[in-house]
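Topology and contacts: notes
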Amino acid sequence: MRLRTVLASTAAAVAAATCLTAAGPAPAAATPAGGGRCSPSVTLDRFSDALDKTTFQGTFVGNLSALAVDRDGSLAALSDRSSLFALDARTLAPRAVTALADEHGAELDSEGLAVDRDGTRLITSETEPSIRRYSRDGRILDRLPVPPSLQVAPEGRATANLTFEGLTLLPGGRTLLASMESAISGDSAGTVRFQTWRRGKGGHFGLGAQYAYRTDAGLGVPEVQATPDGRLLVLERGFTAGVGNTVRLYLADPRHATDTSRIEHLTGQPRVRPIAKTLLADLADCPTLGATAKQPQPNPLLDNIEAMAITGRDRGTLHVLLASDDNQNPAQTTRFYRLRVRTA
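Below or above, wherever it landed, is the structure these notes cover. (Residues numbered from 1 in each chain as written. Predicted model: local features only at pLDDT ≥ 70, side-chain atom pairs only at ≥ 80, totals over all residues. Heavy atoms only, no water.)

In this section: the overall build of the protein. For the protein, the count of helices and strands is 1 helix and 23 strands. Since a compact globule built from 344 residues should have a radius of gyration of about 20 Å, the 19 Å found for the protein is in line with a globular shape. By its C-alpha atoms, the protein is 50 × 45 × 40 Å across when sized along the principal axes. For the protein, with 344 residues in total, the buried portion stands at 56%. (Helix = DSSP H or I, 4+ residues; strand = E, 2+ residues; numbered from the N terminus. Rg over C-alpha atoms; globule rule 2.2 N^0.38 Å. Buried < 20%, exposed > 50% of the residue type's maximum accessible area, 1.4 Å probe, protein only.)

Position of Val69 relative to the elements: it lies in strand β5 (residues 64-69). Among the residues examined, Val69 registers a relative accessible area of 35% and is labelled partly exposed. A sequence separation of 243 residues divides Val69 from Gly312, and the C-alpha atoms of the two residues are 9.4 Å apart. Not counting the four nearest positions on each side in its chain, Val69 is found in contact with Ser74, Leu75, Val115, Ile310 and Thr311. (Contact = heavy atoms within 4.5 Å.)

Let us look at the sheet that holds strand β11 (residues 130-134). If you walk across this open sheet you meet the 4 strands as β9-β10-β11-β12, and the pairing is antiparallel. At either end of the open sheet lies a strand with only one pairing partner, and these are β9 (110-115) and β12 (140-143). Strand-to-strand twist across the sheet, computed as the mean angle between neighbouring axes with direction ignored, equals 25 degrees. Relative to β12, β11 is paired through 3 bridges, and the arrangement is antiparallel. Pairing of Arg132 across the sheet is with Arg143, part of β12. (Pairing = 2+ DSSP bridges. Axes fitted to C-alpha atoms, helices over the stretch in contact; angles between N-to-C directions.)

Turning our eyes to something else, we now look at the pattern of salt bridges. Under the counting rule described, the total for this entry stands at 25 salt bridges. Between Arg81 and Asp80 there is a salt bridge whose closest N-O contact spans 3.0 Å. Look at Arg81 and you get partly exposed, because its relative accessible area is 28%. For the salt bridge of Arg193 with Asp187, the shortest nitrogen-to-oxygen distance reads 2.7 Å. Assigned by exposure class, Arg193 and Asp187 land together as buried. Through salt bridges with shared partners, a single ionic network connects Asp216, Glu236, Arg248, Lys277 and Asp282. (Salt bridge = Lys/Arg side-chain N within 4 Å of Asp/Glu carboxyl O.)

Moving on to the state of the cysteines. Tallying each qualifying case throughout the model produces 1 disulfide. Covalently, Cys38 is tied to Cys286 through a disulfide, its sulfur atoms 2.0 Å apart. Its S-S torsion of about 105 degrees marks the bond between Cys38 and Cys286 as right-handed, since a negative value means left-handed. Note that Cys38 is positioned in the loop between β1 (36-37) and β2 (42-48) and Cys286 in the loop between β20 (276-282) and β21 (305-314), a separation of 248 residues in sequence. (Disulfide = S-S within 2.5 Å.)

Moving on: the pairing of strand β22 (residues 317-324). Burial within β22 is extensive, with 7 of its 8 residues counted as buried. Linking β21 back to β22 in an antiparallel pair, the connection comprises 2 residues, with Arg315 at a positive phi of about 55 degrees. Note: β22 against strand β23 (residues 336-342), 7 bridges, orientation antiparallel. Note that in β23 the partner of Val320 across the bridge is Leu339.

On to unusual backbone geometry. Cis geometry is found at the peptide bond from Glu128 to Pro129, where omega equals -5 degrees. Tracing the backbone through its elements, the reader meets Pro129 in the loop between β10 (121-125) and β11. A positive phi angle is found at Asn63, which is not glycine, with a value near 55 degrees. Take Asn63: it is sitting in the loop between β4 (59-61) and β5. Look at Asn327: it is not a glycine, yet its phi comes out positive at around 55 degrees.

One pass over the structure, following the stated rule, counts 2 aromatic pairs. Ring geometry for Phe164 against Trp197: centres 5.8 Å apart, planes inclined by 80 degrees, an arrangement best described as edge-to-face. Residue Phe164 is located in strand β13 (residues 164-169), and its partner Trp197 is located in strand β15 (residues 191-199); the two are separated by 33 residues in the primary sequence. A residue is classified by how much of its surface remains accessible, and Trp197, at 0% relative accessible area, is buried. Between the aromatic rings of Phe194 and Tyr213, the centroid separation amounts to 5.1 Å while the plane-to-plane angle is 10 degrees, which identifies the pairing as stacked. With Phe194 in strand β15 and Tyr213 in strand β16 (residues 205-214), this pair connects stretches of sequence that are 19 residues apart. The same class applies to Phe194 as to Tyr213, namely buried. The ring of Tyr250 has Lys277 lying over it, and the distance from NZ or CZ to the ring centre is 4.2 Å. (Phe/Tyr/Trp six-rings, centres within 6.5 Å; stacked < 30°, edge-to-face > 60°. Lys NZ or Arg CZ within 6 Å of the ring centre and 35° of its normal.)

From the geometry alone we can't say anything about function, so treat these as descriptive.
Below is the structure:
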């Protein structure tokens, strides 16, 4: 979601945007040597600010809301201003950019991204909300159904800018899962719905089960990624003015959760089993590795972290890439983080 921080004045933001001069591919990610543990389960290897306040082919490289590994091994990076970048997986240098739009040619508030097995892109927009399938060159191929209750009011019970933030395909590619960022009207605060779709004939997705996920107090869900064994990595994030961001990484298991698709209001019913979760790390506990922050943060490494992708695995350890959404704001940074996460 775009507005998750105290922004500088509009004039300052516009001035910063118009003064950008770094164009073309970014240099190889220059990061401090070494790394360190954030927790017994998570190690931060390095971070990179190489793309901060840069442009590529006339498009601002920032506002990043989602990451995915493409079929050719490159990274797909989604901007919430209707741009999809192809990045070099090693250096993060932009290689291409594709403009996105809805059926009427209007821009999206694009937040979630999954690359399907045929290379097409499944992309959420949180204004309606919606999930559309796009070709590699940005043409709309399909649009998935959305439950009425998850639509933005007055059509539904969701709040604008607090809908489909995370998107992931579960192992095998037959189930798609989207995470709402915040609770819908009538549900208890902090109870977030995760909606699934099942692939049917012709490859089209139809509505599937829905689950409840309980966030920590004051936090929302900006991203979710399926692990190879069918569990989920879930980011929880919040912002407090004058203090900064809270970002926590959880391992969650939806496999024994109650299907809540037919439960109108989630208010702590004893027979509703939410998705179980285990804290992997609070990123404020990571080593700073020399990072600096442009506004107050509990750890200068932190920013508005919103994007996540699993880029590889090795003997029970996942290689995870995170990215922050700078909101095209001079007081924030587009920063990438490379983590190793133990889930066993």
